[in-house]
Amino acid sequence: MSGGSGAQYGLRLIEVLTSLGHEIDLVVSAGAERVLELEVGDNYQQILDLTAVQYDVRDIGAAIASGTHPNDGMIIVPCSMKTLAAIAHGFSQNLIHRAADVMLKEGRKLVLVNRETPLNRIHLKNMLAAQEAGATIMPASPGYYYHPKTVDDLINFMVGKILNVIGINHDVIKAWNPDTAMDEITKSSTK
Ligand SMILES: Cc1cc2nc3c(=O)[nH]c(=O)nc-3n(C[C@H](O)[C@H](O)[C@H](O)COP(=O)(O)O)c2cc1C
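Thresholds applied
Numbers given to residues run from 1 along each chain, matching the order in which its sequence is written. A pLDDT threshold of at least 70 governs which residues receive local features in this predicted model, and a stricter bar of 80 or more applies before side-chain atom pairs are shown or counted, although totals over entire chains, interfaces and linings include all residues. Excluded from the side-chain calculations are hydrogens and water; all other atoms, namely the structure's heavy atoms, are used. For every element, the axis is a line fit to its C-alpha atoms; helices are fit only across the contacting stretch, and the angle between N-to-C directions ranges from 0 to 180 degrees. Each helix is a run of DSSP H or I of at least 4 residues and each strand a run of E of at least 2, with the numbering of both proceeding from the N terminus. An angle counts as roughly parallel when it lies under 35 degrees, as roughly antiparallel when it exceeds 145, as roughly perpendicular when it falls between 65 and 115, and as oblique in every other case. Definitions for this section: a left-handed crossing has its near helix turned counterclockwise from the far helix by less than a right angle. A right-handed crossing has that turn clockwise. Residue contacts are counted whenever heavy atoms from the two residues lie within 4.5 Å of one another. Charged means Asp, Glu, Lys or Arg here, nonpolar means Ala, Val, Leu, Ile, Met, Phe, Trp, Tyr, Cys or Pro, and polar covers whatever is left, Gly included. The buried label goes to any residue with under 20% of its type's maximum accessible area, the exposed label to any with over 50%, and the partly exposed label to all in between, with areas taken from a 1.4 Å probe on protein chains only. Here the rule is simple: two strands pair whenever DSSP picks up at least two bridges between them. Here, the term nonpolar core denotes a set of buried Ala, Val, Leu, Ile, Met, Phe, Trp, Tyr and Cys residues that are joined through side-chain atoms within 4.5 Å.

**Q** Which residues make up the packing of helix 4 (residues 81-88) against helix 6 (residues 121-132), and what values go with them?
**A** One way to put it is that helix 4 packs onto helix 6 with a least axis distance of 9 Å and a crossing angle of 50°. As far as their axial angle goes, helix 6 and helix 4 are oblique. Note that helix 4 runs across helix 6; the crossing there is left-handed. Touching Met-81, Leu-84, Ala-85 and Ala-88 of helix 4 are His-123, Asn-126, Met-127, Ala-129 and Ala-130, all from helix 6. Looking at the contact of helix 4 with helix 6 residue by residue, the classes come out as seven nonpolar, two polar and no charged.

**Q** I'd like to hear about the packing of helix 1 (residues 7-19) against helix 7 (residues 151-166), residue by residue, with values.
**A** For the pair helix 1 and helix 7, interaxial distance at closest approach is 9 Å and the crossing angle is 60°. Of the possible angle classes, the one that applies to helix 1 and helix 7 is oblique. Seen from above, helix 1 lies across helix 7 with right-handed handedness. Between helix 1 and helix 7, the residues in contact are Gln-8, Tyr-9, Arg-12, Leu-13, Val-16 and Leu-17 and Asp-152, Leu-154, Ile-155, Asn-156, Met-158, Val-159, Ile-162 and Leu-163, respectively. Here the residues of the contact of helix 1 with helix 7 are counted per class, giving 10 nonpolar, two polar and two charged.

**Q** Got a sec to walk through the pairing of strand 3 (residues 73-79)? Specific residues and values, please.
**A** In terms of burial, strand 3 is largely enclosed, as five of its seven residues are buried. Sheet topology note: the strand 3/strand 4 (residues 109-114) ladder contains five bridges and is parallel. Residue pairing for strand 4: Ile-75 is matched across the bridge by Val-111.

**Q** Break down the nonpolar core for me, citing the residues and quoting the values.
**A** Formed by 29 residues in total, the largest nonpolar core has its most connected members in Met-1, Leu-36, Leu-48, Val-113 and Leu-163. Of all the secondary structure elements, the ones that give two or more residues to this core are helix 1, helix 2 (30-39), helix 3 (45-48), strand 4 and helix 7. Here this core gets seven residues from one element, more than from any other, and that element is helix 1. Sequence-distant contacts of Leu-36, that is, excluding residues within four places in its chain, are made with Met-1, Ala-7, Leu-11, Val-28, Gly-41, Tyr-44 and Leu-48. Ranked by size, the runner-up nonpolar core spans 26 residues in total, among them Leu-84, Ala-100, Met-103 and Ala-130.

What follows is the structure in structure tokens.
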């Protein structure tokens, strides 16, 4: 997790992945800690503690800093524009940047869930550079065609999309079906 807005996406992803039996190596940047405090408050540590391993972001000698460490991929959620920039330019200043660099050099999955608006030219160029190097850029922009009723619905939409991209089966969101979606709208409008 880095210091973009949207810490709740990261927390929900941890909950879902661990409930599905997946093991997570977690790194939280100082920026992410600040955002967690400001956006979530006091109740996030118990969710972070669901992860199998937590590394200090300054520990550039941790296991995940090496391509020899086996894993299926890496998701940075939220991914700040600073972390995106570091990855796009191969300028690894902390363990998140280094582990992402390893994903790209090893040809493994790297998903960056960025959040910023509007985007300046530097952000856009960095997104393109990271995508060209092999990352998947997934702006945190939930769709509204599922007719979200709550903030949780919006969070689940993004988490479901992330899981789809990394190829993990889940039931966080159903596959889009316009017929059933229209049935739901009709049901709720006749209530
Ligand atoms: C409440 C809060 C919200 C932020 N939201 C964003 C954001 O949406 N996108 C972004 O790129 N940076 C955002 N930032 C700024 C980053 O946290 C900051 O640039 C930080 O240095 C990023 O470092 P990191 O990538 O190592 O976590 C936010 C900071 C705070 C405190």
